[in-house]
Amino acid sequence: MLHASCFMPPRVAIIIVAYNARPYLENCFNSLALVSYPRAALEIIVVDNASTDGTADWLHEHAASATLIRNHENLGFAGGNNVGIRHAFARGAEFVYLLNQDTIVEPDFLNEAVAVAQTDQKIGAAQSFLLLHPDRDRVNSMGNAIHFLGFGYTRGYRMLVSAAEEEIERWRKRDPLLRIAYCSGAGVLLRASALKEIGLFDEELFLYHEDLDLGWRLCLAGYGNVLAPRSVVYHQYEFSRSISKWYWMERNRFLVLAKNYHLATLILILPALIIMEFGLLAFSFRSGWWREKLKGYAYLARPHNWRALLRKRRDVQQRRRVSEREIVRFFTGIVASQEVMNPILRYFANPIFQAYWSIVRRVIFW
């Protein structure tokens, strides 16, 4: 716990990207009004992504203490957060805390996250313990996992909180820092100096995989992603059934893999990637999102997109400070997300790709 009377706490900016957020604002801001972090060191920044439901008007009237930035167009999660982060940097923030619009926070959530981040200067990101709302006895995320083929998913989804806390205590004995592959953008504290070194969100990703990409790049630069288990945030999470999300998820998965993997690793995983693509293409026709899948391929087929991607890849690889072997020890060969789990994935794909990854991971020495 931080006490203002003992020392000057670091300046923190809470950044909320809002898009048609009106149904969530009262709960979110009522909880933020009770936050115990010293107000002199705290700024709340709301970036409205051109909402059409009166979000900005409500904020102007009811959240006057927050800094409101109105975008003229929807810049997505990545672009919206970057606007807020740049404003926070200009105001001298030492940390930024990204908070989803559909969340409710415990009063000491920020104190606890900052306390964890300050235990080690190489902690680049500290994720709060995200619980579901209104099912507050269930976990939303206790850190996120990266499948070696680029899929990201939450760890511990819908696990009972009591069971998750027991698992965290066992985990802490193995790893006192509680390191994770990457932090969920729904509730994460980011070190400003680390972001200034590696860059902000890749705005080309727009939404989906942008937090995975950022967490991966932090690791490559030698920073850690960790869980702050006493920093509790409740998330009114709903798995999107929108068909359009598949375009962003599938396209962005390829962009993140192409940017961040070592070239030798990309060659090693290529057979598995091709097999997965045949399976996903067949699944997309069966499930009705084949147009989005083909649209993603069309994006990747354009030469100017590849030129931009290669420039970003060079930049990422030049900032690399950690070996590939060290990075991939946090990756998995299993998809354990309940929202997409089915018998084919559970009994066929997962065992095959887990066996493949267990072999490939041992080959990686670079």
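A short tour of the structure in this document, coming up.

Definitions and limits used
Residues numbered from 1 in each chain as written. Predicted model: local features only at pLDDT ≥ 70, side-chain atom pairs only at ≥ 80, totals over all residues. Heavy atoms only, no water. Pairing = 2+ DSSP bridges. Helix = DSSP H or I, 4+ residues; strand = E, 2+ residues; numbered from the N terminus. Buried < 20%, exposed > 50% of the residue type's maximum accessible area, 1.4 Å probe, protein only. Right-handed = clockwise from strand over helix to strand, strands pointing away.

**So, the sheet that holds strand E8 (residues 144-147)**
Part 1 of the reasoning: If you trace the three strands from one edge of the open sheet to the other, you get E9-E8-E12, paired in mixed fashion. The open sheet has two edge strands, strand E9 (152-154) and strand E12 (331-332), and neither has a second partner.
Part 2 of the reasoning: Inspection of the sheet shows E8 paired to E9 by three bridges, in the antiparallel sense. Within E9, the residue paired with Ala145 across the bridge is Tyr153.

**Things to note about the pairing of strand E1 (residues 12-18)**
Part 1 of the reasoning: Taking burial as the measure, the seven residues of E1 include seven buried ones, the bulk of the element.
Part 2 of the reasoning: Residue alternation in E1 divides its side chains into two sets, Val12, Ile14, Ile16 and Ala18 and Ala13, Ile15 and Val17, and both sets are buried.
Part 3 of the reasoning: In terms of strand pairing, E1 meets strand E2 (residues 42-48) through seven bridges, oriented parallel. Bridge pairing in E2 links Ile14 to Ile44.
Part 4 of the reasoning: A crossover links E1 with its parallel partner E2, the connecting element being helix H1 (residues 22-32), and its sense is right-handed.

**Quick notes on unusual backbone geometry**
Part 1 of the reasoning: Between His133 and the following residue, Pro134, the backbone shows a cis peptide bond with an omega angle of 10°.
Part 2 of the reasoning: As for its placement among the helices and strands, Pro134 is situated in the loop between strand E6 (123-132) and strand E7 (139-141).
Part 3 of the reasoning: Backbone geometry at Phe206 places phi at a positive 65°, although glycine is not the residue there.
Part 4 of the reasoning: The residue Phe206 is located in the loop between helix H6 (192-198) and helix H7 (210-220) in this model.
Part 5 of the reasoning: Using a relative accessible area of 22% as the deciding quantity, one classes Phe206 as partly exposed.
Part 6 of the reasoning: Located in the positive-phi region is Tyr208, a residue other than glycine, with phi close to 75°.
Part 7 of the reasoning: Inspection of the secondary structure puts Tyr208 in the loop between H6 and H7.

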